[in-house]
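# Geometric and topological summary
Spelled out, the chains give:
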Amino acid sequence: MRLFKPAVIIFSIITLLLSLFIEASAINKSLSLSIFSDSENLKPGKSFNIYMNIHDETKLGAVQFRLIYPEELSFKKAEIENKIKNEYLRYNEDNNCITIIYAVKNEEFTERTLKFRFEQKYSEENEFHFKTDFIEALNIDQKEVKCLSEGEFDITAAYEESEKESRSSAIVHNSYSESSERNKENSSTKESSKKQSKKEKNKSKADYSEASEKSEHSEQSKAENSKKEESISKPVKKFDYEKYKDELSDNSALYYTIGIVVILIIVIILIITFLKRLNKKYLE
C-alpha cells in the first residue's frame, strides 16, 4: 500500500509531461512562403508583378506576414489571385515594407497566391531583392502554425545589348545638342534674356503651386496610412471572423434558420385558426 501511492504520483507526473509534449508538438511547422515573378526579361522603368505563394498542408486559416521590397520601387496594389467570397486580404505599406493579413473561412485550401504590383522609380538597370518576414498563422482549425520556410527572390531589370548601344549614342547626341544650345544662349540678345526671366518667374509660380499640391497630397497619404495602421494592428491570433462576416461568411446557416422560423410562424397561425373553428362549432 505504501508503494502504491508513490507509483500513482510518478505515473501522474509522466502523464502530465506527455500531455505537455503532445500539446507543444501540436504546433505544426508546415506553413511555407515563396516568391516568384512572371517577368522573365524585365526592362528598366517598367511595372511588374511579384507573386506570393502561401502553402500549408493542414489547410489555410489566417496568416500574417511582411513583404520587404527595395526602395527603388513604388508599391501600387495587392490582391488575391482568383479570389472567392470567403477570402479576405488586408495590407498596409510603410517604409518599403508591406504588412499583410490573409484569411479564408469555410474553404479547404492548402495553398493560395497573392499578387503584388510594383513600379520602378528609375529607368536604369538594377537588381531588386524581395524577402518575407513571417509573423504568425492559424490553420483551418484555428490552431497555431509555425513557418517552415520563408521566401526570398531576386529580379534584374536590364537592357539588351542593342538597346544599350542605342542608349549610349543617344546620350552622346544629347550632350552635343546641349553644348550647341548653350553657345546660342550666350550669343542671345537682351530681349531674349528678358523673356527668359519672365519664363523663370512663371516657372517658380508653377513650382510653388506644385509644391503646395504635393504637401496636401502627403498629408492625405499620412492620414490614410494612420487609418490603415489602426485597422491592421489586431494580431491574427485574435482575428475576428464575426467582424468580417460580410467578406468571410457562409450564409447558408442563416438562410436555413430564417426558413425554419417562417415555417413555425405559419404552423402556429394554422393551429390558432383551426382551434377557433373548433370552438365555434362546439358553441353552436
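Description of the structure in this document. Note that the structure is a prediction, hence the values are computed from the model and not measured.

What counts as what
- Residues numbered from 1 in each chain as written.
- Predicted model: local features only at pLDDT ≥ 70, side-chain atom pairs only at ≥ 80, totals over all residues.
- Heavy atoms only, no water.
- Helix = DSSP H or I, 4+ residues; strand = E, 2+ residues; numbered from the N terminus.
- Contact = heavy atoms within 4.5 Å.
- Pairing = 2+ DSSP bridges.
- Axes fitted to C-alpha atoms, helices over the stretch in contact; angles between N-to-C directions.
- Phe/Tyr/Trp six-rings, centres within 6.5 Å; stacked < 30°, edge-to-face > 60°.
- Lys NZ or Arg CZ within 6 Å of the ring centre and 35° of its normal.
- Core = buried A, V, L, I, M, F, W, Y, C linked by side-chain atoms within 4.5 Å.
- Buried < 20%, exposed > 50% of the residue type's maximum accessible area, 1.4 Å probe, protein only.
- Patch = residues over 30% accessible without salt bridge, like charges linked within 9 Å, V, L, I, M, F, W, Y side chains within 5 Å.
- Areas by Shrake-Rupley, 256 points an atom, 1.4 Å probe, with all protein chains shown as cover.
- Salt bridge = Lys/Arg side-chain N within 4 Å of Asp/Glu carboxyl O.
- Lys, Arg positive; Asp, Glu negative; His and termini not counted.
- Charge placed at Lys NZ, Arg CZ, Asp CG, Glu CD.

Moving on, we come to the overall build of the protein. Counting its secondary structure elements, the protein contains five helices and ten strands. Taking the contacts inside the protein whose residues are at least 6 apart along the sequence as the reference set, 76% of them involve residues at least 24 apart.

Spatially, five strands are ordered E5-E6-E3-E8-E10 in an open sheet, and the strand pairing comes out antiparallel. A strand with exactly one partner marks an edge of an open sheet, and here the two such strands are strand E5 (87-93) and strand E10 (152-157). Strand-to-strand twist across the sheet, computed as the mean angle between neighbouring axes with direction ignored, equals 20°. One ladder, built from seven bridges, connects strand E3 (residues 60-68) with strand E6 (residues 97-104); its direction is antiparallel. Residue pairing across strands places Leu67 opposite Ile98, the latter belonging to E6.

Scanning the model with the defined rule gives nine aromatic pairs in all. Following the ring pairs from residue to residue traces out a cluster consisting of Phe48, Tyr69, Phe75, Tyr91, Phe116, Phe118, Phe128 and Phe130. The ring of Phe109 has Arg112 lying over it, and the distance from NZ or CZ to the ring centre is 4.4 Å.

So, about unusual backbone geometry. With phi around 60°, Asn96 is a residue other than glycine that occupies positive phi space. The phi angle at Asn106 is positive, at roughly 60°, despite the residue not being glycine. Take Asn106: it is sitting in the loop between E6 and strand E7 (111-120).

Here the focus is the nonpolar core. Counting 35 residues, the largest nonpolar core has Leu31, Ile54, Leu114, Phe116, Phe118 and Phe130 as the members making the most contacts within it. Leaving out residues up to four positions away in the same chain, Leu31 has contacts with Ile54, His55, Asp56, Leu60, Val63, Phe134, Ala137, Val145, Lys146, Cys147, Leu148 and Ser149.

Turning next to a negative patch on the surface. A contiguous patch of negative charge, built from Glu127, Glu150, Glu152 and Asp154, is present on the exposed surface. Its place among the elements puts Glu127 in strand E8 (residues 126-139).

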